[in-house]
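What follows is the residue order along each chain.
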Amino acid sequence: MTTEKATKALAEIYATGDSDTRAERAAESHLWDAEERVRSEEWGLAGYSLDAAYRALGAEPPDSTAEDFERGRHPIRVEAERLVREMLGEG
């Protein structure tokens with residue numbers, strides 16, 4: 001899977017909590033670990049979990065950090081916000 005497709009899949013999981021395949025469920029677990037680690041400011045572990053979420057989908061992670069994720073600037077968060085706006089008819 002490409003990084004772009006993985007970002008879209010992870011953003012959908014982040015926005016909806018829906019994961020269908022074994023790989024998506026593994027990625028979801030890493031994504032929620034990253035979320036928890038960001039909240040506790042464990043930046044290194046959060047970054048590792050974000051990378052693991054991409055690798056669970058067979059993709060290389062983008063050059064973004066856990067700090068980007070926390071600030072809403074990570075590609076997953078940007079795409080998730082776009083998806084939410086689209087679902088609400090705002091996009």
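Summarised in this report is the structure supplied together with it.

The rules we used
- Residues numbered from 1 in each chain as written.
- Predicted model: local features only at pLDDT ≥ 70, side-chain atom pairs only at ≥ 80, totals over all residues.
- Heavy atoms only, no water.
- Helix = DSSP H or I, 4+ residues; strand = E, 2+ residues; numbered from the N terminus.
- Expected span 1.5 Å × (residues − 1).
- Buried < 20%, exposed > 50% of the residue type's maximum accessible area, 1.4 Å probe, protein only.
- Arc of directions from axis to C-beta.
- Contact = heavy atoms within 4.5 Å.
- Phe/Tyr/Trp six-rings, centres within 6.5 Å; stacked < 30°, edge-to-face > 60°.
- Lys NZ or Arg CZ within 6 Å of the ring centre and 35° of its normal.

**Focus on helix α5 (residues 75-87)**
Over its 13 residues, α5 runs 18 Å from end to end, which matches the ideal 18 Å to within 8%, given 1.5 Å per residue. Within α5 the residues assigned to the buried category are Ile76, Arg77, Glu79, Ala80 and Leu83. In an axial view of α5, the angular spread of the buried residues amounts to 165 degrees, which keeps them on one side of the axis. Looking at the buried residues of α5, the elements they touch are α1 (3-16), α2 (22-39), α3 (43-56) and α4 (66-71).

**Quick notes on the packing of aromatic side chains**
Evaluation of the coordinates by the stated rule reveals 2 aromatic pairs. On the basis of an interplanar angle of 35 degrees and a centroid distance of 5.6 Å, the ring pair of tyrosine 14 and tryptophan 32 is categorised as tilted. Residue tyrosine 14 is located in helix α1, and its partner tryptophan 32 is located in helix α2; the two are separated by 18 residues in the primary sequence. Of the residues examined, tryptophan 32 reaches a relative accessible area of 33% and is grouped as partly exposed. Between the aromatic rings of tyrosine 14 and phenylalanine 69, the centroid separation amounts to 5.5 Å while the plane-to-plane angle is 80 degrees, which identifies the pairing as edge-to-face. You can see tyrosine 14 sitting in helix α1 and its partner phenylalanine 69 sitting in helix α4, a full 55 residues away along the chain. Taken individually, tyrosine 14 and phenylalanine 69 each receive the classification buried, so the pair is uniform in this respect. The structure contains a cluster of three or more aromatic residues connected by ring pairs, namely Tyr14, Trp32 and Phe69. Stacked on the ring of phenylalanine 69, the Lys or Arg arginine 77 has its end atom at 5.4 Å from the ring centre.

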